[in-house]
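Read off the chains here:
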Amino acid sequence: MPQVTYIEHDGTEHLIDVEDGLSVMRGAVDNNVPGIDGDCGGECACATCHVFVDEAWLARTGTPGEQEASMLSFAATAQPNSRLSCQITVTPALDGLVVRMPEAQH
Amino acid sequence: MSEDPPCIVIAGAGHAGGSAAAFLRQYGWKGAIALVGEEAHLPYQRPPLSKAWLKGEASAESLALRPARFYAQQRIDLHLGTRVAGIDRAARRVSLSDGIELGYHRLILALGARPRSLALPGADLAGVLALRGTVDADALQAALGPGRRLAVIGGGYIGLEVAASARALGAGAVVLEREARVLARVAGTALSRFLEAQHRARGVEVLTGVEVAAIEGEAGAARAVRLQDGRRIPCDTVLIGVGAVPSTELAAAAGLDCAGGIVVDLAARTSDPAIHAIGDCTQRPLPLYGRSGRLESVPNAIEQAKQAAADICGRPPPQPEVPWFWSDQFELRLQMAGLAFDAHEAVIRGDAEAGGFTVFHLDREQRVLAIEAVNAPADFMAGRVLVAKQARVAPDILRDPARSIRDVAA
């Protein structure tokens, strides 16, 4: 199973096995990783699953779609490597992915 | 004799109760957690029931808030298919309907709301449905398809979402609204009129200002809705979507303060310091608006779940949230933030014809009270900031398409 490392704002790391095909958001929620809420359940409607993708992985996670980019343009503390983690699907190619959480989702 | 380890009992396993259990563990609660839910299912998301689930586009796994193994891993004891039937506050014990008794250190009431029923002739006919849980949604789905016709009593969000899904499933749909416009209690006039037009353009019949007199049937099954003006609206399924009433009976019987919901503060505390209440069943402070109210939404359920868990675990309270809501109908993504109490002026930014628009509701001092965004996610995100800041913005600036919404909110 692909593994994803979630790093909380305070530096706490969570190494999680995420089933192929689930989203990075779902991987966090299903394992109670703090800092990713996913209020809307993965509909790209709420921006409560904001993460910073480790630079080394940016090419493989791809770029945000139009709706996601619009949401991110106003997410608190958005950076060029910001993504909504409900829009990143975990595949074997993302085994080893590292994402960091912002201080808050609002 | 050893005491039982301190236990937190959560009465209600919907979005609020399920989230509270998860946040308690995130915030460091080490004792026992018992999650009691009346439905047979693990906690699941209700919003897709009127949309993706109804259209057959969601699975039980995708609907579940979290997988079954989560509850074992997090040491959350599930009591499903049963409910809290009584609270003994003095002894700090609850009795469940299956006969089990549980002691509690803290009790969280996450009892939800239930669809408001209508005392109409024919309301007990087969084919007359409401929508709250998966059982309701499955019954509705079985009744929708080509050649079928749905009548929705009540033009609220659930009614409009189901009407849109019915069309997607090939069924006919008619929405019957008593007020002069759909969403009369929860949206501004501009959004109501826009949605009425969108629904009509996609074959939904929308009748406003009509009073339902009865549901008429043949052989025990609904066949038509009869209006007060005598018109007969043929159908084979009726959805009653006229709002929800908070489930407060258990709290009231236990002597907790209730007034249009279980009364709580910003830490989700009830009038008993050992009992919190969260989600649809609560009457909560709305600090941005200087009043209290009841919110039926997932974001509210999650915010209050955090408030209760933080309070119980001795953590600082979570950041206050702007109330917000979303809805999907056809290819329209609606995102609303804030509440338009005492709104003085509605300012429209963008153009529905051009793909998206947003309604900004301002008070007399031009403070942004609430926004309604249709296919306009950047406006929604910016609007949420404007509402949180209670920012004053001149209407001409909001209307000006040459101004980036980013600059307006900066």
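Scoring rules and cut-offs
Residues numbered from 1 in each chain as written. Chains lettered and ligands numbered in written order. Predicted model: local features only at pLDDT ≥ 70, side-chain atom pairs only at ≥ 80, totals over all residues. Helix = DSSP H or I, 4+ residues; strand = E, 2+ residues; numbered from the N terminus. Rg over C-alpha atoms; globule rule 2.2 N^0.38 Å. Buried ≥ 20, exposed ≤ 12 C-beta atoms within 10 Å, placed from the backbone. Contact = placed C-beta atoms within 7 Å. Pairing = 2+ DSSP bridges. Axes fitted to C-alpha atoms, helices over the stretch in contact; angles between N-to-C directions. Nonpolar A, V, L, I, M, F, W, Y, C, P; charged D, E, K, R; others polar. Domains from an automatic or database assignment.

Engineer: Quick question: what am I supposed to make of the overall build of chain B here?
Structural biologist: Each helix and strand counted, chain B has eleven helices and 26 strands in total. Radius of gyration (C-alpha) of chain B: 22 Å, near the 22 Å computed for a compact globule of 410 residues. If you line up chain B on its principal axes, its C-alpha atoms span 70 × 60 × 35 Å. Taken across its 410 residues, chain B has 49% of its residues classed as buried. In chain B, 60% of the contacts between residues at least 6 apart in sequence involve partners at least 24 apart.

Engineer: Looking at this structure, how should I read the sheet that holds strand E11 (residues 172–177) of chain B?
Structural biologist: Where strands meet in a sheet, backbone hydrogen bonds hold them as pairs that are either parallel or antiparallel. All names here are of chain B. With respect to topology, five strands assemble into an open sheet ordered E9-E16-E10-E11-E12, the strand pairing being parallel. Of all strands in the sheet, those with a lone pairing partner are strand E9 (128–129) and strand E12 (204–208), marking the two edges. In this structure, E9 lies alongside strand E16 (residues 237–240), joined through two bridges in parallel fashion. In the strand pairing of E16, Leu129 is matched with Leu239. The sheet strands contacting helix H5 (residues 157–168) are strand E10 (149–153), E11, E12 and E16, and the helix crosses E11 at an angle near 165°.

Engineer: Just to check I follow, could you spell out the interface of chain A and chain B for this structure?
Structural biologist: Facing the 18 residues of chain A at the interface are 23 residues of chain B. For the side of chain A that touches chain B, the element with the highest residue contribution is helix H3 (residues 66–72) of chain A, accounting for three residues. When the residues that make up the side of chain A that touches chain B are grouped by side-chain class, the tally is nine nonpolar, six polar and three charged.

Engineer: Help me understand the pairing of strand E3 (residues 50–53) of chain A in this model?
Structural biologist: Along a regular strand, successive side chains alternate from one face of the sheet to the other. All names here are of chain A. Pairing of E3 with strand E4 (residues 82–84), which is carried by three bridges, proceeds in the antiparallel orientation. What sits directly across from Val51, in E4, is Arg83. Judged from the two bridges that link them, E3 and strand E5 (residues 97–100) form a sheet pairing that is antiparallel. By the bridge assignment, Phe52 is partnered in E5 with Arg100.

Engineer: Explain the environment of Phe52 of chain A here, please?
Structural biologist: Residue and element names in this part refer to chain A. Looking at the secondary structure, you find Phe52 in strand E3. With 24 residues separating them in the primary sequence, Phe52 and Ala28 have C-alpha atoms 14 Å apart. Excluding anything up to four places from it in sequence, Phe52 contacts Gln79, Asn81, Ser82, Val99 and Arg100.

Engineer: I would appreciate a short explanation of the domain arrangement of chain B in the present structure.
Structural biologist: Bring the parts together and some accessible area is lost; that lost area is often taken as the interface size. Residues and elements named next belong to chain B. Domain boundaries in chain B define domain 1 (7–114 + 245–313), domain 2 (128–242) and domain 3 (331–409). The distance between the C-alpha centroids of domain 1 and domain 2 comes to 30 Å. Contacts between domain 1 and domain 2 engage nine residues on the former and 13 residues on the latter. The class makeup of the residues in the side of domain 1 that touches domain 2 is three nonpolar, two polar and four charged.

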